[in-house]
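Letter by letter, the chains look like this.
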Amino acid sequence: MEGITKRFGDVVANDDVDFSVEKGSIHALLGENGSGKTTLMSVLYGLYEKNAGTVSIDGEPREFESPRDAMDAGVGMIHQHFQLVETMTVLQNIVLGREPTEMGLVDTSTARSDIEEICSRYDFHVDQYLDTKVQDLDLGARQRVEIVKSLYRGADILILDEPTAVLTPQEIEDLLDLMEELADAGHSLVFITHKLGEALDAADEVTVLRDGRAIGTVDAAGTTEAELARMMVGREVQFDRPPRDPPEGDFVLNAEGLHVRGSRGLERVTDVDLGVREGEILGIAGVQGNGQTELVEALTGLRDVDSGTVRLNGEDITEANRRHRIDAGIAYIPEDRTTEGLVQDYTLVRNALLGNQTVEPFADGGMIDWSVVNDHAEAIIREYDVQPPDEGAKAKSLSGGNQQKFIVGREIEHDPDVMIASHPTRGVDIGSIEFIHDRLLELRDAGMGILVVSSKLDEIQKLADRIAVMYEGEFMDTVDPETTTEEELGLLMAGHDAGSGHGGGAGDDAPDGGSGRE
Amino acid sequence: MSDDAAGDNRVRNAALVGILVVAVLAATALDLPIVDIVTIGFVERSLQAATPIALTAIGGLYAEKSGVFNIGVEGFMIFGAATAATTMWIISGGSPGQGDVWLAILASVLVSLAFAVVFAVLLIRYEADQIVAGLALWFIGLGFGPFMAVLVWDSRNSPSLEGINDLTVPVLADVPVLGPIFFDTSPLVLFTAVLAVVAWKFLNDTRYGYWIQAAGENPEALDTAGIDVTRVRYAAVIFSGVMAGLGGAVLLAHAGSFTGTGETMVSGRGWIGIVAYLFGNYNPIGAAVAALVFGGLDMLQIQLQTVGIEVPNRLVNLFPYAGVILVLTVWGSTRTPSAVGETYESEE
Amino acid sequence: MLRASVIERLAIATASTALALLIGVTIVAAAGYDPVQFITSMLQGALGGQSAVARTLRFSTLFILTGVAVAVAFRAGVFNIGVQGQFVVGGFMTIMSIVWTAPLLPEGAVGGVGLILIGFVAGAGSGGLYGALPGALKAYADANVIITTIMLNFIATGVVGWLVQNPFRGEGNAAPNTERIPEYVSFPSILFDSSGFSIVGLAIALAVVAVIYVVMERSRFGYDMVTSGHQESAATYSGVDAKRTVVSTMTLSGMVAGIAGAVFAIMIQGYYTDPSGIGTYGFDAIAVSLLAANNPLGIIPAGLLFGGLESAGSHIGIYTDVPVQLIDGVIGLVILFVAVPELFRMAAVRTGLGGEKR
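Residues numbered from 1 in each chain as written. Chains lettered and ligands numbered in written order. Predicted model: local features only at pLDDT ≥ 70, side-chain atom pairs only at ≥ 80, totals over all residues. Heavy atoms only, no water.

Quick look at the overall build of chain A
Point 1. Scanning chain A from terminus to terminus reveals 17 helices and 24 strands.
Point 2. The C-alpha atoms of chain A give 25 Å as radius of gyration, which agrees with the globular expectation for 518 residues (24 Å, within 12%).
Point 3. Taking the principal axes of its C-alpha atoms as reference, chain A extends roughly 70 × 50 × 45 Å.
Point 4. Expressed as a percentage of the 518 residues in chain A, the buried residues total 58%.
Point 5. Considering only intrachain contacts with a sequence separation of at least 6, the fraction spanning at least 24 residues in chain A is 68%.
Point 6. About 20800 Å² of surface is accessible on chain A, with carbon and sulfur atoms providing 44% of the total.
Point 7. Taking the average place of the 45 positive charges on the side chains of chain A and the average place of its 102 negative ones, the gap between the two points comes to 5 Å. (Helix = DSSP H or I, 4+ residues; strand = E, 2+ residues; numbered from the N terminus. Rg over C-alpha atoms; globule rule 2.2 N^0.38 Å. Buried < 20%, exposed > 50% of the residue type's maximum accessible area, 1.4 Å probe, protein only. Contact = heavy atoms within 4.5 Å. Areas by Shrake-Rupley, 256 points an atom, 1.4 Å probe, with all protein chains shown as cover. Lys, Arg positive; Asp, Glu negative; His and termini not counted. Charge placed at Lys NZ, Arg CZ, Asp CG, Glu CD.)

Considering the domain arrangement of chain A
Point 1. Assigned domains of chain A: these are domain 1 (2-233) and domain 2 (251-509).
Point 2. For domain 1 of chain A and domain 2 of chain A, the distance between their C-alpha centroids amounts to 34 Å. (Domains from an automatic or database assignment.)

What about the sheet that holds strand E21 (residues 418-422) of chain A?
All names here are of chain A.
Point 1. Spatially, E18-E21-E22-E15-E23-E24 is the arrangement adopted by the six strands of the open sheet, whose pairing is mixed. The sheet is open, and its two borders are formed by strand E18 (330-333) and strand E24 (474-479), each paired with just one other strand. Averaged over all adjacent pairs, the angle separating strand axes in this sheet is 20°, with direction ignored.
Point 2. In the sheet, strand E15 (residues 280-285) pairs with strand E22 (residues 449-454) via six bridges, with the strands oriented parallel. (Pairing = 2+ DSSP bridges. Axes fitted to C-alpha atoms, helices over the stretch in contact; angles between N-to-C directions.)

Digging into the domain arrangement of chain B
Point 1. The domain architecture assigned to chain B consists of domain 1 (1-31) and domain 2 (42-330).
Point 2. Between the C-alpha centres of domain 1 of chain B and domain 2 of chain B the distance comes to 27 Å.

What to know about the interface of chain C and chain B
Point 1. Listed by partner, the interface residues are 46 residues for chain C and 42 residues for chain B.
Point 2. Roughly 4000 Å² is buried in total at the junction of chain C and chain B, and carbon and sulfur atoms are behind 82% of that figure.
Point 3. At the junction of chain C and chain B, the tally comes to one salt bridge.
Point 4. The shortest N-O distance in the salt bridge between Asp274 of chain C and Arg314 of chain B comes to 2.7 Å. (Buried area = accessible area lost by both parts, 1.4 Å probe. Salt bridge = Lys/Arg side-chain N within 4 Å of Asp/Glu carboxyl O.)

A look at a nonpolar patch on the surface
Residue and element names in this part refer to chain B.
Point 1. A grouping of Ile91, Leu103, Leu106, Leu110, Leu113 and Val117 is seen on the molecular surface, where their side chains present a nonpolar patch of about 510 Å² in accessible area.
Point 2. Here the nonpolar patch gets five residues from one element, more than from any other, and that element is helix H5 (residues 98-125).
Point 3. Inspection of the secondary structure assignment puts Leu103 in helix H5. (Patch = residues over 30% accessible without salt bridge, like charges linked within 9 Å, V, L, I, M, F, W, Y side chains within 5 Å.)

Describing helix H2 (residues 35-47) of chain C
Point 1. Its 13 residues place the ends of H2 of chain C 18 Å apart at the C-alpha level, agreeing with the 18 Å of an ideal helix rising 1.5 Å per residue.
Point 2. One or two positions beyond H2 of chain C, positive phi appears at Gly49 of chain C, with a value near 100°. (Expected span 1.5 Å × (residues − 1).)

Observations concerning the interface of chain B and chain A
Point 1. With 26 residues of chain B in contact, the opposing surface of chain A contributes 29 residues.
Point 2. Counting the surface lost from both chain B and chain A, the interface buries some 2300 Å², and carbon and sulfur atoms represent 56% of this.
Point 3. Inspection of the region where chain B meets chain A yields one salt bridge.
Point 4. Close ionic contact of Arg207 of chain B with Glu99 of chain A constitutes a salt bridge, the shortest N to O distance being 3.5 Å.
Point 5. Inspection of the region where chain B meets chain A yields six residue pairs in polar contact (both at pLDDT 80 or more).
Point 6. Listing elements by their share of the side of chain B that touches chain A, those giving two or more residues are helix H1 (2-29), helix H8 (187-205), helix H9 (207-217) and helix H10 (219-224) of chain B.
Point 7. The element contributing the most residues to the side of chain B that touches chain A is H9 of chain B, with six residues.
Point 8. Looking at the side of chain B that touches chain A, its residues break down into nine nonpolar, eight polar and nine charged. (Polar contact = N/O pair within 3.5 Å; in protein donor to acceptor, adjacent residues only side chain to side chain. Nonpolar A, V, L, I, M, F, W, Y, C, P; charged D, E, K, R; others polar.)

Considerations on the pairing of strand E11 (residues 205-210) of chain A
Residues and elements named next belong to chain A.
Point 1. For E11, the buried fraction is high: five of the six residues fall into the buried class.
Point 2. Alignment of strand E3 (residues 26-30) against E11, held across four bridges, turns out to be parallel. Note that in E11 the partner of Ala28 across the bridge is Val206.
Point 3. Hairpin connection, E11 to strand E12 (residues 213-219): the antiparallel pair is bridged by two residues, and Asp211 has positive phi, about 50°.

Here is the structure:
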């Protein structure tokens, strides 16, 4: 791939990227979330049309208009979200669209022997459960099914998008072994990841992407985790972080021994203790999907807890519903502004009321005073620089940054005791990011307790007074951002204990996990 | 998740057994003569009543499996019945015979096919609101079905037409129990029973069956496998329309005359068909069995009368509807295919 | 932005109605009737003379009320197809409550007003309960509201039909009817001297529209409800209890349907009869509401239009050979076209009439 450029509107996701994979090798594509890894591979797989550049396979320039074209050229992609039909069996999934038939019926015995033939070459163990439904398989097995499916379709080049994100350590080990085998058999693999250790373990070569640009390609054998981390994170961006004294205020929000289940009934938050003080920002860092969403929903009253308690200003609010928690003073900037934070078909005026339905002076005795709400919307638009400044505009007509500024404004104007902000700047332009960060810091200085969840390390480092790193539902450690490097945080986020038992030397002098049991 | 599904099925089966046990116990306690109620004649009548519901359910099931909720089946049934009735009358010049019955069913299928194509285009190509459009089709049927009858007979109800004759299969008809139920009854019963098995086999063991399931569960997976999701859905929706139309024609062929007053002779059987396939957990055979349960409820009245239990007709007629509510309440959260109701646009 | 969408909706509603009527006329012509004569009789039936207008307004009153009942639920994203059943139950209970309590109250105007009030409370209450049932089944057992409400329609018709035939049949009645309510329990004839229509009935309908409009637009409850209908996740985020909202939405919708039933019972019937023969107001109301984009104020013109259609229908039923069922079919076509806005958008783009391509 040469000179690949892909733009989404004004955002450049890939900027003149060169990338090549040698036959029979594993090439890791390393970068933080949002650095453009998946976009680049989606261009290769024909999912996105590139704005510039060429894709060549075996030296021949190719144009892929759809995944089908890519597949025909021997490119297979295993997405983070598996392309499997959960209610169908493994065998049915593998042959879907390429079914051998006999007398009108799918010839399962031919299919079975073809699949077994593929499996026998590698250590797949897929053939033992060909008749099991995909929904009954664990994620590691589903992934192997995806790989077999690609091979069944004749893929030579396999792209694996964050294949380890959903796997257990044992499954990861098996996967890396399997990738090795596939490469030895002559397949070429692209391994997309943000985990340094895995990239080094598995790959022959590593290309690092940052902000849509290829920073460099190095030989896995000749590099170290530290070097890769430096390439990934870069050091150009230095945020001003005026030193602060550790906040000494009272705890406003506490959680003790919190256990929360996710939508599928699995425990996603395991024994989490946390405490947020007045005038403090507690940052929760972690790769997405490690229980942060469920934790935040449990704190804001959107999800029941299995056990444990949540306290606001010392009062037990574990049983309080969402409405009571809003009234009690918990403001919440939700993770997903398009489905939760705003009603897309509503004007900004109507959206200004969202969450304020019971709050005077907007609503009194069950009736809404729209002129007050209207003024409120205008005030938010003015003070939080929402563009265009038209309170009659529908939410869906605003850009992401302006939608987010409107939500931030609305939640701050609640005059809450605690602000919970989940990924407050995701998908937001740089100007708005700065703006939102400044507002949150102002609030902190004004004495509010703030919880920020983000998978962006720079954001967490800039904002937080303490950083709790979440991995697989647990707090790995709580560290002091002043003394912790991004690399150390990155390792914690990847589930490493950063070498020494406790926070890689940085956490030792950091405040205690913030359990607030005092 | 898998546990949920399996557990769901266990709960389903356990509840079904539970209901049967309670019914038997209640019958015993009230000293009801079960043997006199559940007779071979009752089963035969129930099967005949179930046939139109089962046909409709199998069609609707295919549409929903492919990701399109066709709630217009009630309307298709009304059109099917009205078309069959008017065709039968017109081609025979007012005195239909057995051949005319079959021709009428055929005509009804063809007309349903034409309507189904239009309906599918509106749903898929023009992204019509599936619920509103489906309701609309019901109302159109409620209007134009009786309209056709009035044009032909100057009345919403037809005079007595020809019903379909029983088919007696030699030898097989003499088999105890099964003989009279399947081989000495309306041939449409046997046809439906065979069709349910074929539909089940087709859905689970042919490539097209795979595609239908994938189109409703994960259309993206099907698309990336190189199959056109839209075409699969067209086929399934058109099939469901034709099946419902056939269901209406069969209803007429069993009844032998058309009723266009009130909610017409279809009277909610299309809706019951939808519940039948939900109850049957999207399995064509299960849907047919569920249809039989509703058919049985429909025919219970005669049985109760024969054993001397006087429950007013008007109320016994409501049993199937009450049964539907009960079924939905107990099994309301059936797992519907993930992508139902979502329009799918390929990346290209 | 907002204005554009209002105009677009208006255009779609007009186009849907026009197209449906056009198809209706085409069918009339194809069936061998004179389309010009058909159109003239329709106009005459709807607007020709005082009694035609009274009849139109009578139907409009019921369509407006039942239309609002549907709109309340649809706005909140709950497909209450059961307005017909709630209408029947409400109307029946209105009559019975008046029949039962009439001996307890003085005769004459005072008693009449009192009984009317009792009738309305009974109608709204029973309609509300009959609506709450499928709401609760949806909220707590996840039973599909469309299907449960349709089944409850059949059950309401069947049970009330049996009740008026047997236990509650008026003494000495040959027909399956309840006892009549007293003569003095009726709306006064003002402006129109027509049996079956009183301007008071229309006024009640308009008052209900106004109340529902205020509830939907100005009350917190309405905001919660409409927000749930638009985007349930956002409603939950803002502290709305989704399950409770479904139940209260269905209750309110059923109450309005019950009021419609009460107006029908007091203004038109004066007794209750087998509901399978009273007309399908609750179904046609779905078309009324959809045509009005589920907006309470839009219900008024849509209800008037449908009142006119129905009135024209009963006229042509009497004075022409064209089967009245045609009107029901046309109403179905209106709903069908309203369901496919994309059809008109594409047509508008093609013909250069404007409209943005999505």
